[in-house]
Amino acid sequence: MLNTILGALLPMVVTFLLGYMAAWRHDFGSKDASTLNRMVLRYAVPLALFAGTVMTSRAALSQDIPLVITLCIAIIGFYCVVFLISRFIFRMQVSTSALAALTASAPAVPFVGPAVLGDLLGGLSAIPIAAASLVINLTVVPITILLLSLDSTGRNPQTNTPVPEEQGNSASPRSNAAVFAGKIAETLKEPMVWVPILAFIVVLSGFRIPQLFVHSLSLLGHASGGVALFACGIVLASGKIKVNRNVLLFVFLKNIIQPALVLGGLRCIGYGNPVVSEAVLTTAIPTMPIVIMFALRYGIAQDEAASSVFLSIMGSLVTMGIFIALTH
C-alpha cells in the first residue's frame, strides 16, 4: 500500500519542490510564475478538461448515479458550508472566502486524478475522475471565478485595498445590476468555464469526437498539473510558508474532514465498495493547485494559498494512506 501511495503522490511533491528549488536558484521568479499561471489557466487546463470529459460516455456516467450524487454533495455542499463559515464566522472577504472554500472542497482530480486514482482503483477510476472533474469545473470553479471577479470590483488592483467610498460606492442599484451582469458575462468567457460546459454538452449529445483529435489536445493538457505545481513552488519560494490557524484549518477540512464525512455518510446509508472506496479516495486527493493560480491572478492571499496547497499535498501522503486502509 505504501508503494501505491508514494507512486501516486510523490510526483506531485517532487514537482512542487523542483519549482521551489528553481526559484531558490533564481532560475525563475514571481513574474515567471505569473506567466506560467496564464498559460495553465488559458490553455493547458481547458484543453485537459475538454479531452478528459469528451472521452467519457453518457452511458458510463448514468451507470454510477449514486457516485455522481455523492460527489456533488461532497464537493458543492462542502464548498457552500466552508464559504459561509469563512465569510460570516471568520469575517473574511468574499474573495478570500471563495479561495478558502475551493481549497477545502475541490480535490485535484482534473490535474492528478488519472495518476492517483489510476494506481489505486485501476479500471474503476474512469468514472470518479470524470464525475468529480465535471462537478468541480461546472460548479465550484465558475462560482469561485465569479466571486473573485465581483470582489475585485471597487478594489485598487495595485494594492488590493477598497477604493474610497466617494470614488466607488455611489452607484445606483441599476448600475450595480449592470456590473453584476457584466461580471457573469466575463466569467462565462473564461476558457475554464465554457470549455467544460461545451465538453459536457458533447457527452450528453452522444456525439463521439475522433480519438486522433482528442489526443492532439491532450499533449498540452497533460502538462497542466505539472506546470501548476511547478508554479506553486516558485510562489512559495518567493514568499514564505505560512502555517497559521486558517491554513491548518482548511487543509484539515480538505484532507481529513471531507473524505471522513463521505465515508461515514455512505456507510450510514448502507453503501459498500466499490462506491465507498471510489468516492472516499476521490475526495481524499489533496487540494487543487489551481487555488494558487487564482490567488496569483487576483493578487489575493498568495502566501496562504501556496502554503495550503503545499501542506495539503505533503499531508496527503499520510491521510490518503489512512483512507485507503479504511476503505479496503
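Residues numbered from 1 in each chain as written. Predicted model: local features only at pLDDT ≥ 70, side-chain atom pairs only at ≥ 80, totals over all residues. Heavy atoms only, no water.

1. Remarks on the nonpolar core
The tendency in soluble globular proteins is for nonpolar side chains to be buried as a group.
Thought 1: In this structure, Leu102, Ile290, Met293 and Phe294 are the most contacted members of the largest nonpolar core, which totals 88 residues.
Thought 2: Once you skip the residues sitting within four places of it in the chain, Leu102 turns out to touch Tyr79, Val140, Val141, Thr144, Thr287, Ile290, Val291 and Phe294.
Thought 3: By size, the runner-up hydrophobic cluster in this structure holds nine residues, among which are Val54, Val195, Ala199 and Val202. (Core = buried A, V, L, I, M, F, W, Y, C linked by side-chain atoms within 4.5 Å. Buried < 20%, exposed > 50% of the residue type's maximum accessible area, 1.4 Å probe, protein only. Contact = heavy atoms within 4.5 Å.)

2. Overview of the side chain of Thr103
Thought 1: When you line up the elements, Thr103 lands in helix α5 (residues 94-105).
Thought 2: Assessed through its relative accessible area of 5%, Thr103 is described here as buried.
Thought 3: Residues contacting Thr103, with those up to four places away along its chain left out, are Phe250, Lys254, Thr287, Val291 and Ser308. (Helix = DSSP H or I, 4+ residues; strand = E, 2+ residues; numbered from the N terminus.)

3. Thoughts on the confidence of the model for the protein chain
Thought 1: Here the protein chain shows a mean pLDDT of 83. Residues at 70 or above account for 88%.
Thought 2: A low-confidence stretch, residues 162-170 stays under pLDDT 50, and its non-local contacts, those more than four residues away or across chains, total seven contacts. (pLDDT = per-residue confidence, 0-100.)

4. A look at the pattern of salt bridges
Opposite charge on two side chains permits them to pair, given that their charged atoms come into close proximity.
Thought 1: The full count for this structure, using the stated rule, is three salt bridges.
Thought 2: Notably, a salt bridge pairs Glu190 with Arg297, separated by 2.6 Å at the nearest N-O pair. Placement of Glu190 in the loop between α9 (173-189) and α10 (191-205) and of Arg297 in helix α15 (residues 290-298) is noted, with a sequence separation of 107 residues between them.
Thought 3: A salt bridge links Glu304 to Lys242; its shortest N-O distance comes to 3.3 Å. Placement of Glu304 in helix α16 (residues 302-327) and of Lys242 in the loop between α12 (223-238) and α13 (245-268) is noted, with a sequence separation of 62 residues between them.
Thought 4: For Lys242, a relative accessible area of 26% corresponds to the partly exposed category. (Salt bridge = Lys/Arg side-chain N within 4 Å of Asp/Glu carboxyl O.)

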